[in-house]
Amino acid sequence: MGQRAWSKEQNNARGFFITGTDTGVGKTIITAALIKAAKFLGLSACGMKPIETGCLKSKFKVKEEVLIPSDGMFLREIAGMNDHIDLVTPIRFQNPLAPFPASEIEGITVDIDKINKAFLKLSKKYNAIFVEGIGGLLVPIKKDYSVLDLARDFGLPIIVVSRPDLGTINHTMLTINYAIKEGLPVAGIIINHSQPSKSSLAEETNPEVIKQLSTVPLLGIFPYLKELDAGIIEESAKKNLDIERIKRYLS
């Protein structure tokens, strides 16, 4: 793992670092729901996705081509932020890969200091910051620096987003146990239906099994949302997240 190289200022920030058991588990939706939950508590909240790959090219000005981070833009909209997208998602790549290989292919070094400065600026402006990681904890950002290192440097408690279906027990427990082994504070788990339910026996029984096996609490079971409307996400957050437990970390 990479060495800690950042200032200790970020340790004063409130919020969560949202990671997943693997890609495609719906971290962005859960991050958006947590932002809404913070607003229920009367907090000004912001979203951040420090690194996003698979960004599309768009021309806003003549001869100026920029990469548009769809997840970062979504979080900014959900949070009602007026901050520049360079603060929300400071590092962007076009290729839909882990950051390390994407940076190698595109010839762009991941600037950790740029991420740090953006995080500090947002954490000073808002009461709570919700940071969405990229993939799982061991996704490489640089050769010697992973998502786990990024989470450690931010100093925020971690929320693990997992799938409800077959195989999720192993993935969830591996992620939680490794994070704890590495000394990261894990606030809890949110099981997210990122796909329509298959009504399988695994989906029905896995949440309770994870709840029994895990040393951290289950903070909610989030339903599949056909529409990613701000109002729908807000209502689902009210119904399906353990707001009281979340509140303890944001007080």
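Above this text is the structure in question.
All of the points below concern the structure found in this document. The written sequence of each chain sets the order in which its residues are numbered from 1. Only residues with pLDDT of 70 or above have their local features reported here, since the model is predicted, and side-chain atom pairs are shown and tallied only from 80 upward, although totals for entire chains, interfaces and linings are computed over all residues. Processing note: side-chain calculations cover all non-hydrogen atoms of the structure and skip hydrogens and water entirely.

## Examining the nonpolar core
Here comes step 1: Take the buried Ala, Val, Leu, Ile, Met, Phe, Trp, Tyr and Cys residues and link them wherever side-chain atoms come within 4.5 Å; each set so joined is a nonpolar core. Buried means the residue's accessible area, taken with a 1.4 Å probe over protein chains only, is under 20% of the maximum for its type, while exposed means over 50%, and partly exposed covers the values in between. Ranked by internal contacts, the top residues of the largest apolar core, which has 76 residues, are F17, L34, I115, F119, I129, F130 and L241.
Here comes step 2: Counting from the N terminus, the helices are DSSP H or I runs at least four residues long and the strands are E runs at least two residues long. Per-element accounting of this core gives the leading share, eight residues, to helix α1 (residues 27–40).
Here comes step 3: Not counting residues within four places of it along the chain, the set of residues in contact with F17 comprises V131, G133, V147, L150, A151, F154, L156, P157, I158 and I159. Any two residues having at least one pair of non-hydrogen atoms within 4.5 Å are treated as being in contact.

## Description of the environment of F17
Here comes step 1: Note on placement: F17 falls in strand β1 (residues 15–20).
Here comes step 2: Given a relative accessible area of 0%, F17 falls into the buried group.
Here comes step 3: With 105 residues separating them in the primary sequence, F17 and L122 have C-alpha atoms 14 Å apart.

## Brief notes about the environment of I35
Here comes step 1: Topologically, I35 is positioned in helix α1.
Here comes step 2: As a C-alpha pair, I35 and L75 span 40 residues in sequence and 8.6 Å in three-dimensional space.
Here comes step 3: Beyond its immediate sequence surroundings of up to four residues, I35 is in contact with A45, C46, G47, L75, I78, A79 and F130.

## Structural notes on the sheet that holds strand β12 (residues 218–222)
Here comes step 1: DSSP calls a pair of strands paired once it identifies at least 2 bridges connecting them. Ordered in space as β2-β7-β1-β10-β11-β12, the six strands form an open sheet in which the pairing is parallel. Looking at the sheet topology across the chains shown, the edges are occupied by β2 (45–48) and β12. Averaged over all neighbouring strand pairs, the angle between strand axes comes to 20°, with direction disregarded.
Here comes step 2: Here β1 pairs with strand β7 (residues 128–132) via four bridges, running parallel. Opposite F16, over in β7, you have F130 as the bridge partner. Helix axes are fitted only over the stretch in contact, all axes being lines through C-alpha atoms; the angle between N-to-C directions runs from 0 to 180 degrees.

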